[in-house]
Amino acid sequence: MNIHSIPTKPFNDQKPGTSGLRKRVPAFQQPHYLENFVQSIFDTIAAPPGATLTLGGDGRYYNREAIQIILKMAAANGFGRVLVGQGGILSTPAASCIIRKYQTYGGIILSASHNPGGPDGDFGIKYNTANGGPAPEKVTEAIFANSKKISQYRILQALDIELDAIGESDIGGMQVQVIDPVVDYADLMASLFDFNAIHGLLNSGFRMKFDAMHAVTGPYAKEIFLNRLDAPADSVMNVVPLEDFGGGHPDPNLTYAHELVEIIYGDNAPDFGAASDGDGDRNMILGKHFFVTPSDSLAVIAANAKLAPGYAKGVAGIARSMPTSAAADRVAAKLGIPCYETPTGWKFFGNLMDAGKVTLCGEESFGTGSDHVREKDGLWAVLFWLNILAAKQQSDAQQLKARQSVEQIMMAHWAQFGRNVYSRHDYEALPSDAANGVMQHLHASFNQLTGAQFGRYTIKTCDDFSYTDPIDGSVSTGQGIRILFSDGSRIVFRLSGTGTEGATLRIYLEAFEPDVNQHHLDAQVALAELIKIALQISELTKRTGRDKPTVIT
Ligand code: G16
């Protein structure tokens, strides 16, 4: 066998962020850069000889090259088999599904998620453990530690492997099994949701538009919506995956999914709209001229979970990331189930799901999911909403015209639980020093802010969120500054862990509104006073020179 040990030197910037290592493509193209990180993963996980690995990515620029390198390194590091998606493709939730279904030792997922792609765009890599979920912090820390002392990596010298045809081949004694990236995932969805009811809905004049944003969910959406649910062909858009996402920013929010947003807010708009991101784990839910915040989406799914066959037995518990609104907490309280508050990052939900403590999880960053896999899952959330809409339509069968719209479902939910008015303001690509300065200033102001009054708002307490994992006792500190007001409103300041350019400062704003007469208000109007307070106490404009956010969701 032609295994080479290649001498190398550490790079000092291979610390995984919120979700793996994300850098610009040219950084990954530096000699040894990808190889160093992959060897650091292999050295950390110390898989037994002959173990099976899952491998795939979102198809962005450099995906194919990286897959070839990783296959040759896996062979040289003693793996016995790799399951790799055809063409090197696996959406992030599909990869999680494959790891769990075929009980592989773990998986490597290549994606920079919602970040733009292309030769000057972003690339990323992360390791998922045997439960199908992102490696916990102790593993990512160990990978980083290994990356700082690496002196060589192992790679097989071999020809590239055929990735486009389903089938098996052998490299250096390791089996490479090229699998259909879609079928296992689509089967899993069919087992969770009432496809007959959704089929009925989508063929009853109800119109939907799913935007795959030229990213990985295109083939999944075609198989599920067009082939299995017989939706009209124009129910999906941008379903051809492109290495650079067609030059777009594959982030399903009101700013970047503007093509869909224009359709949904235009004349003759469809009844339902949705989009997913680069690697298929995020989702945005829209109704005709209506936006559902990810926090509200989680709450509605939780409140209506029993309408989906896979959740008919009910929900054990809910978890949400700290900056996500407390809308789901209200549903949990009503259902008499626990609601956990974790730091930002899907990896924090893994232990809770593995221990059977929670069924549903969600994040304000357009992530929703359940214990069917260990990643957030964009199409799953879309199907859940369609299942809810279909079930509610069936119950209104006598008067079909009275079928509930997305907006009506949301309004009815708020009328029952109250509305956690919510918005996130992002200031992207700030100079790191300025962004850190804002955070330091806020930290230093805790004492002075506590008890301070701003109009009708009084600050009750301020802190920097920390979390003790209830299952393994691990502690994560410095997870975001919380300004908590006496009426339950709050402002959270946090630096993103996924950006690749400068620093991104996120301001999360939340106010509880029990009055049903105020529920129709635009969130920016309802939150105007809190927005002013956020800018005032952070001195953001003075410290960063920015007078408005780059993205509002
Ligand atoms: C990743 C993580 C999510 C997190 C999000 C935003 O999402 O998986 O858990 O909420 O980043 O993180 P940040 O606010 O640090 O940018 P994705 O879709 O990028 O993998």
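Structure: above.
A brief report on the enclosed structure follows. Keep in mind that this is a model prediction, so the values were computed, not measured.

This brings us to the site of the ligand. As a matter of local geometry, the ligand sits amid 19 residues, with Glu-363, Ser-496, Gly-497, Thr-498 and Arg-506 nearest to it. One of the side-chain N or O atoms of Arg-22 is found 2.9 Å from an oxygen atom in the ligand. Between the ligand and the protein, one listed contact pairs an oxygen atom with a backbone N or O atom of Gly-345 at 3.4 Å. Taken atom by atom, the bulk of the ligand overlaps the second largest pocket. Of the residues that constitute the shell around the ligand, the class distribution is one nonpolar, 10 polar and eight charged.

Phe-193, Phe-225, Phe-272 and Trp-380 are the most contacted members of the largest nonpolar core, which has 72 residues in total. With 11 residues, the top contributor of residues to this core is helix α13 (residues 378–395). Each of domain 1 (3–181) and domain 2 (185–417) accounts for three or more of the residues forming this core. Beyond its immediate stretch of four places on either side in the chain, Phe-272 contacts Phe-206, Arg-207, Met-208, Lys-209, Ile-264, Ile-285, Leu-286, Val-382, Trp-385, Leu-386, Leu-389 and Val-406. Leu-71, Ala-74, Ala-76 and Leu-156 belong to the second largest nonpolar core, which has 44 residues in total.

Once that is clear, we can look at the packing of helix α6 (residues 183–192) against helix α8 (residues 217–228). In contact at an axis separation of 10 Å, α6 and α8 are set at 50° when each is read in the N-to-C sense. Here α6 lies oblique to α8, going by the angle between them. Here α6 runs over α8; the crossing is right-handed. Taking contact as the criterion, the partners of Val-183, Tyr-185, Ala-186, Asp-187, Met-189 and Ala-190 in α6 are, on α8, Tyr-220, Glu-223, Ile-224 and Arg-228.

All chains considered together, the criterion is met by 27 salt bridges. A salt bridge links Arg-456 to Glu-529, with the nearest nitrogen and oxygen atoms 3.3 Å apart. Residue Arg-456 is located in the loop between β20 (453–454) and β21 (457–464), and its partner Glu-529 is located in helix α18 (residues 528–538); the two are separated by 73 residues in the primary sequence. Classification of Arg-456 by relative accessible area gives exposed; the value is 56%.

The rules we used
Residues numbered from 1 in each chain as written. Predicted model: local features only at pLDDT ≥ 70, side-chain atom pairs only at ≥ 80, totals over all residues. Heavy atoms only, no water. Near = heavy atom within 4 Å. Polar contact = N/O pair within 3.5 Å; in protein donor to acceptor, adjacent residues only side chain to side chain. 1 Å grid on protein atoms, 1.4 Å probe; cavity = no way out; pocket = protein on both sides within 12 Å on 5 of 7 lines; lining within 4 Å. Sits in = over half its atoms within 2 Å of the grid points. Nonpolar A, V, L, I, M, F, W, Y, C, P; charged D, E, K, R; others polar. Core = buried A, V, L, I, M, F, W, Y, C linked by side-chain atoms within 4.5 Å. Buried < 20%, exposed > 50% of the residue type's maximum accessible area, 1.4 Å probe, protein only. Helix = DSSP H or I, 4+ residues; strand = E, 2+ residues; numbered from the N terminus. Domains from an automatic or database assignment. Contact = heavy atoms within 4.5 Å. Axes fitted to C-alpha atoms, helices over the stretch in contact; angles between N-to-C directions. Parallel < 35°, antiparallel > 145°, perpendicular 65-115°, else oblique. Left-handed = near helix turned anticlockwise from the far one by under 90°. Salt bridge = Lys/Arg side-chain N within 4 Å of Asp/Glu carboxyl O.

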